[in-house]
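Each chain is listed here by its residues.
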Amino acid sequence: MSADTDVRIEPTWKRALSAEFEQPYWNELTGFVRTAYQKRCVYPPPKLVFNAFERCPFDVVKVVIIGQDPYHGPGQAHGLCFSVPEGVRVPPSLVNIYKELKGDLGVDVPPHGNLERWAAQGVLLLNATLTVEAGKAGSHQGKGWEQFTDAAIMALSNEREHLVFMLWGAYARNKKVLIDTDKHLVLEAAHPSPLSAHNGFFGCKHFSQANVYLAKHGTATVKW
């Protein structure tokens with residue numbers, strides 16, 4: 001799959017990640033994903049696989065939140081980590097994110113779980129793996145998506161300055177090695193899952209810390 005013809009991804013990201021589309025793993029990954037959509041129920045819908053990139057162009061990213069997999073239940077995944085479309089029950093991890101946001105900044109909890117408003121302000125809601133088989137968490141791990149999304153993180157680290165990376169849980173925290181911590185703010189905490197949120201996610205105050213850092217470096221803060 002060549003970078004110039006077939007990859008339907010937001011143009012600034014296509015430029016930033018152009019080398020990835022020429023790598024052998026990319027052909028293997030796209031072949032696997034194409035077959036999976038043909039033979040099984042896979043989330044999110046094909047047109048939303050790159051939704052995080054579409055909603056948040058490379059040049060406007062301010063904050064990066066890293067998830068692991070898309071939600072694997074019907075109607076949940078729409079290409080933004082931790083987010084679900086309006087009308088879908090708010091997942092437990094996002095309930096806890098909203099609780100922390102309320103405690104940190106006093107933000108009223110919205111009646112839905114759609115985080116597109118964050119993406120529109122420069123928050124990249126990036127899952128490490130961009131597709132998943134219905135009902136099978138982690139089913140598309142180790143197929144190449146991680147190499148692609150790691151490249152996205154490294155491109156941001158290398159080409160941009162003064163971004164905020166929120167790494168929640170052990171899986172996301174392992175991505176710290178990809179980030180130049182001299183140029184960017186890396187915030188680490190437990191995962192917001194009900195199993196771990198009380199182990200350091202609640203009270204982490206990442207949202208206020210992010211806005212203080214952004215303001216310090218002359219970037220508009222996020223209206224969380």
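Residues numbered from 1 in each chain as written. Predicted model: local features only at pLDDT ≥ 70, side-chain atom pairs only at ≥ 80, totals over all residues. Heavy atoms only, no water.

### A closer look at the overall build of the chain
At step 1: Within the chain, the regular secondary structure consists of eight helices and six strands.
At step 2: The N-to-C order of helical and strand elements in the chain reads α-α-β-α-β-α-α-β-β-α-β-α-β-α.
At step 3: Whereas a compact globule of 224 residues would reach a radius of gyration of roughly 17 Å, the chain reaches 17 Å, a difference of no more than 12%.
At step 4: A principal-axis box enclosing the C-alpha atoms of the chain has dimensions of 45 × 35 × 25 Å.
At step 5: Evaluated residue by residue, the chain yields a buried proportion of 54% over its 224 residues. (Helix = DSSP H or I, 4+ residues; strand = E, 2+ residues; numbered from the N terminus. Rg over C-alpha atoms; globule rule 2.2 N^0.38 Å. Buried < 20%, exposed > 50% of the residue type's maximum accessible area, 1.4 Å probe, protein only.)

### Quick word on the sheet that holds strand S5 (residues 164–168)
At step 1: If you walk across this open sheet you meet the four strands as S3-S2-S5-S6, and the pairing is parallel. Unpaired on one side and paired on the other, strand S3 (123–127) and strand S6 (185–189) mark the two borders of the sheet. The sheet shows a mean angle of 20° between the axes of neighbouring strands, direction not considered.
At step 2: Of the pairings in the sheet, the one linking S5 to S6 comprises five bridges and is parallel in character. Along S6, the bridge assignment pairs methionine 166 with leucine 187.
At step 3: Set on the sheet, helix H8 (residues 206–216) makes contact with strand S2 (63–67), S5 and S6; between it and S5 the angle comes to about 165°. (Pairing = 2+ DSSP bridges. Axes fitted to C-alpha atoms, helices over the stretch in contact; angles between N-to-C directions. Contact = heavy atoms within 4.5 Å.)

### Considering the pattern of salt bridges
At step 1: Applying the stated criterion across every chain yields a total of nine salt bridges.
At step 2: With a shortest N-O distance of 3.5 Å, lysine 136 and glutamate 133 are connected by a salt bridge.
At step 3: The exposure class of lysine 136 is partly exposed, given its relative accessible area of 46%.
At step 4: On the basis of relative accessibility, which here comes to 16%, the residue glutamate 133 falls in the buried class.
At step 5: We note a salt bridge from arginine 173 to glutamate 188, for which the minimum N-O separation is 3.0 Å. Here glutamate 188 lies in strand S6 and arginine 173 lies in helix H7 (residues 169–173), a separation of 15 residues in the sequence.
At step 6: Accessibility expressed as a relative area gives 37% for arginine 173, which makes it partly exposed. (Salt bridge = Lys/Arg side-chain N within 4 Å of Asp/Glu carboxyl O.)

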